[in-house]
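Read off the chains here:
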Amino acid sequence: MATTKLLVDIHTHVYLPRYANMLRARSSVPKIMTTTIDGKEQDRLLILDHEPSGGRPVGPQYWDRDQKLVFMDQHGIDVSVVSTANPWLDFLPASQAHSLALELNTDLEQYCSTGPNVTSSSIKRLYGFGLLPLVPEITTASLLEAVKQISDFPHLKGLIMGTRGVGKGLDDEALDPVWAAIEAAGLVVFLHPHYGVDGKAWGGKDNGHVLPLALGFPFETTTAATRLILSGVFDRFPKLRLLLAHSGGALPQLSSRLASCIDHDPVVASRLKHDARFYVGKLYLDAVAYGPEELGFVSEILSRANRYESGSLSTEPADRKLGSKRVLFGTDHPFFPPLSSTQKWKSVVDNLDAIDSVQGWTEEDKSGVRGTNALALFNIS
Ligand code: URA
Ligand code: ZN
């Protein structure tokens, strides 16, 4: 099959059997518990701190590789770059997080390497993002061991991380050796939310998971990525490749405001080498935005990096086509299943339709977002 036509899902999760078993054995959140609803036993996933609505139903689509492949076939997805879903290892003591990270990375490599290939191709259908034991009191040596392990596994192309780092967030200087190792290994960092923002903002009405997922998740990503920019991480590690979940949350919309606040702040004004919009333009964003206007907008914002490089004379107008090269299709499977059984999932169809209808993207740009950009970013051939 011509690689220009491959559909590649870069935002798709798994709770590997070893991880799901660990959640099942727990009595406090995060956990998987069995409850009886309408006389029927049902497994429920409780992962958020103040989990609304008694959690979410969970089943084999969360851990069974065959179910991932069935889902991929149903939606024409050729290749998936699979990541452990939140909250990763965040809640574990350092020694357990260390050993489980290494075991789960080994499990994920096996999940990918023993899976099928794309028909008549050397490309596998499954690749993965590994995990680091990012918890308080972990040693740098332990984090570096996991980076090395991931980079030695041929089917792991990056790593997924949450926003807490080793307890003080991602702008913690203690992480500099980790960024250095990730940059040197050429691994992609997939930054994904879990905690949302202060739940008090959601008020007292039961709105299910809508407010934490639609707003809390993207605001958390926005804050974490902004703190990374403010800390100068991208000046110290300019080749670091960061992929933001959910099309970067609110960061694309707020990037000029961020730049202006920096320019007017005596504490920060001379800290960074470039205008904030330069760093935003260097990010990669998934296309999990569900609407063509949003995708068009973020691709325009991404195209502006060179205009804001210090010393640049470029006044090139924003160019959606250029920015589209940093946007990559994703599904967020197995989250957001349809509420009633249908062959195709609305969450997936909406994202594919959105890519199809972005104004100003050519067919080539759209194929890029559907798959070619991902093959290039992850060096899959
Ligand atoms: N809900 C989650 O908890 N995680 C996701 O990745 C998506 C939805
Ligand atoms: Zn996700």
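Note that the structure is a prediction, hence the values are computed from the model and not measured.

Chemist: Looking at this structure, I do not really get the overall build of the protein chain. What am I missing?
Modeler: When you go through the protein chain residue by residue, the secondary structure sums to 13 helices and 11 strands. C-alpha extents for the protein chain along the principal axes are approximately 65 × 45 × 45 Å. Here the protein chain holds 381 residues, and the buried ones make up 55% of them. Pairs at least 24 residues apart make up 73% of the contacts formed inside the protein chain by residues separated by at least 6 positions. Total accessible area on the protein chain stands at roughly 16,500 Å², and carbon and sulfur atoms take up 53% of it.

Chemist: Before we go on, may I ask you to explain the sheet that holds strand E6 (residues 126–130) in this structure?
Modeler: Within a sheet, each strand pairs with its neighbour through backbone hydrogen bonds, oriented either parallel or antiparallel. Reading across from one edge, E1-E5-E6-E7-E8-E9-E10-E11 is the order of the 8 strands in this open sheet, with parallel pairing throughout. Edge strands, defined here as strands with exactly one partner in the open sheet, are strand E1 (8–14) and strand E11 (327–328). Relative to E6, strand E5 (residues 79–84) is paired through 4 bridges, and the arrangement is parallel. Residue pairing for E6: Val82 is matched across the bridge by Gly128.

Chemist: Even after reading the chapter, I still don't get the sheet that holds strand E3 (residues 40–46), so can you show me in this structure?
Modeler: One open sheet holds the 3 strands; their spatial order is E2-E3-E4, and the pairing between them is antiparallel. Looking at strand neighbours, the two that pair on one side only are strand E2 (31–37) and strand E4 (56–57), the edges of this open sheet. With 2 bridges connecting them, E3 and E4 associate as antiparallel partners. Looking at the pairing, Leu45 lines up with Arg56 of E4. The sheet strands contacting helix H1 (residues 17–24) are E2 and E3, and the helix crosses E2 at an angle near 65 degrees.

Chemist: What should I look at first to understand helix H13 (residues 363–377) in this one?
Modeler: Residues lying three or four places apart along an α-helix face the same way, a consequence of the helix completing one turn every 3.6 residues. With 15 residues, H13 ought to run about 21 Å at 1.5 Å a step, and its terminal C-alpha atoms sit 19 Å apart, in line with that. Of all bends in H13, the biggest is about 65 degrees, found at Val369. Within H13, 11 of the 15 residues are buried, which leaves it mostly tucked inside the rest of the structure. Listing the buried residues of H13 in full gives Asp365, Lys366, Ser367, Gly368, Val369, Arg370, Gly371, Asn373, Ala374, Leu375 and Leu377. Just past H13, the residue Asn379 takes up positive phi, approximately 55 degrees.

Chemist: Sorry if this is basic, but what is going on with the packing of H1 against helix H3 (residues 94–113) here?
Modeler: Each pair of packed helices can be summarised by the angle the axes make with each other and by the distance between the axes. Packing of H1 against H3 brings their axes to within 9 Å, and their N-to-C directions diverge by 140 degrees. The angle between H1 and H3 falls in the class oblique. Here Arg18, Tyr19 and Met22 of H1 come into contact with H3, specifically with Gln96, Leu100, Glu103, Leu104 and Asp107.

Chemist: Mind showing me how you'd approach the site of ligand 1 here?
Modeler: His13, Ile47, Arg56, Asn86, His192, Leu213, Phe217, Asp332, Phe335 and Phe336 make up every residue found near ligand 1. Within the contact set of ligand 1, an oxygen atom lies 3.1 Å away from a side-chain nitrogen or oxygen of His13. For ligand 1, a nitrogen atom lies 2.8 Å from a polar atom in the side chain of Arg56. Looking at the shell around ligand 1 residue by residue, the class counts come to 5 nonpolar, 3 polar and 2 charged.

Chemist: How should the packing of aromatic side chains be read in this particular structure?
Modeler: Between two aromatic rings, the relevant description is the distance of the centres plus the angle of the planes. All chains considered together, the criterion is met by 8 aromatic pairs. Judged by centre distance (5.5 Å) and plane angle (85 degrees), the ring pair of Tyr62 and Phe335 falls under edge-to-face. In this pair, Tyr62 is assigned in the loop between E4 and helix H2 (65–74) and Phe335 in the loop between E11 and helix H12 (346–356), connecting sequence segments 273 residues apart. Phe335 carries the same exposure label as Tyr62, and that label is buried. For the cation-ring pair, Arg164 lies above Tyr195, with the distance from its terminal atom to the ring centre recorded as 3.5 Å. Taking the ring centre of Tyr284 as reference, the NZ or CZ of Arg326 above it sits at 4.6 Å.

Chemist: Help me understand the UniProt feature "domain: Amidohydrolase-related" (unreviewed entry) in the protein chain in this model?
Modeler: As recorded in UniProt, the feature "domain: Amidohydrolase-related" (unreviewed entry) lies at residues 8–379. Within residues 8–379, the helical portion is 40% and the strand portion 14%, while the C-alpha atoms at the span's ends are 13 Å from each other.

Rules behind the numbers
Residues numbered from 1 in each chain as written. Chains lettered and ligands numbered in written order. Predicted model: local features only at pLDDT ≥ 70, side-chain atom pairs only at ≥ 80, totals over all residues. Heavy atoms only, no water. Helix = DSSP H or I, 4+ residues; strand = E, 2+ residues; numbered from the N terminus. Buried < 20%, exposed > 50% of the residue type's maximum accessible area, 1.4 Å probe, protein only. Contact = heavy atoms within 4.5 Å. Areas by Shrake-Rupley, 256 points an atom, 1.4 Å probe, with all protein chains shown as cover. Pairing = 2+ DSSP bridges. Axes fitted to C-alpha atoms, helices over the stretch in contact; angles between N-to-C directions. Expected span 1.5 Å × (residues − 1). Bend = angle between axes of the 7 residues up to and from the residue. Parallel < 35°, antiparallel > 145°, perpendicular 65-115°, else oblique. Near = heavy atom within 4 Å. Polar contact = N/O pair within 3.5 Å; in protein donor to acceptor, adjacent residues only side chain to side chain. Nonpolar A, V, L, I, M, F, W, Y, C, P; charged D, E, K, R; others polar. Phe/Tyr/Trp six-rings, centres within 6.5 Å; stacked < 30°, edge-to-face > 60°. Lys NZ or Arg CZ within 6 Å of the ring centre and 35° of its normal. UniProt positions renumbered as here; feature names shortened; annotations may be inferred.

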